[in-house]
Amino acid sequence: MEGTGMTSWLNEIFDAPKPVIAMLHLSALPGDPGYDSTAGLSAVVSRARRELAALQEGGVDGVMFSNEFSLPYLTKTEPITAITMARVIGELLDDVTIPYGVNVLWDARASIDLAVATGARWVREIFTGVYASDFGMWDTNVGEIARHRHRIGADNVRLLYNIVPESAQYVAERDLASITRTTVFATAPDALCVSGPTAGAPTDIEALRIVKANAGHTPVFVNTGVRAETVEQVLGVADGAVVGTYFKSEGIFENEADSSRVEELMSAVRSLRSGFLASA
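Right, let's walk through the structure included here. This one's a predicted model, so the numbers in the text were calculated from it and none came from an experiment.

For the rest of this paragraph, the subject is the pairing of strand E4 (residues 122-125). A two-sided burial pattern is seen for E4, the buried positions comprising Trp-122 and Arg-124 on one face and Val-123 and Glu-125 on the other. Pairing analysis gives two bridges linking strand E3 (residues 100-103) to E4, with the strands arranged parallel. In the sheet register, Val-102 faces E4, and the bridge partner there is Val-123. Once you follow E3 into helix H4 (residues 108-118) and on to E4, the crossover reads as right-handed. Here E4 runs beside strand E7 (residues 158-164); their pairing, made up of four bridges, is parallel. Bridge pairing in E7 links Val-123 to Leu-159.

Moving on to the sheet that holds strand E11 (residues 240-243). Around the barrel, eight strands lie side by side as E1-E2-E3-E4-E7-E9-E10-E11; this closed barrel has parallel pairing. Adjacent strand axes in the sheet meet at a mean angle of 25 degrees, parallel and antiparallel pairs treated alike. Across three bridges, the pairing between strand E1 (residues 20-25) and E11 is parallel. Following the sheet pairing, Val-20 is matched in E11 by Ala-241. Together, E3, E4 and E7 form the strand contacts of H4, whose direction differs from that of E3 by roughly 150 degrees.

Conventions used here
- Residues numbered from 1 in each chain as written.
- Predicted model: local features only at pLDDT ≥ 70, side-chain atom pairs only at ≥ 80, totals over all residues.
- Heavy atoms only, no water.
- Buried < 20%, exposed > 50% of the residue type's maximum accessible area, 1.4 Å probe, protein only.
- Helix = DSSP H or I, 4+ residues; strand = E, 2+ residues; numbered from the N terminus.
- Pairing = 2+ DSSP bridges.
- Right-handed = clockwise from strand over helix to strand, strands pointing away.
- Axes fitted to C-alpha atoms, helices over the stretch in contact; angles between N-to-C directions.
- Contact = heavy atoms within 4.5 Å.

Encoded structure:
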């Protein structure tokens, strides 16, 4: 990888360059409109256990638990969400063999709290900016979140900032290059994530290049829309990838993870890594 300083924390957590973090989308939870109260939490845990097995068998480098089916999302979640996620993750921990992170959509404070409760190594969230979103006006307070992180002893939890959030647009008329530079300078993210408009939607490669060119030593992840046939292109720019929808059966967001699709993409990644190491 380029420069040990830029990727030192990635090397501490992951065993391979250009790590691929798989999303483990938890089913709708208590309080969510889509929650199946008849099947109950046992069904949520059972599906999550099957998907965890598929993702790990397929060879991903890390896994991130999120409440992806808590649609429509809240920007300040109800306590039951993170509490339930902690229970589900706790029931799975004996089966987890790779590094893991968490994401409580879309609540940075709750995400960090959940990371502390479950021993997660990182969180991914919206930490900066003001947005017009599908969920209403979306304001953040990164200084407050940074202090909360320190106060609860979570300084070792890495923060992955969504710099191009899904389903939202920056209110200020600023270009992506300047947003990247000031975010890195003023708020000290551990990594930046560049997304398409929704889960599974391709990330604009030019936006990815702009963020990478202006992020300095901060690692940059491609956050949505990675496919086996595009992974070489996007990892040619990014330092890692977050993959969710592609790993699902038939590549459909609502379906469960399919180990054969995981293996397909990870095979392409291993070939890419071999080429990278040969040229290093």
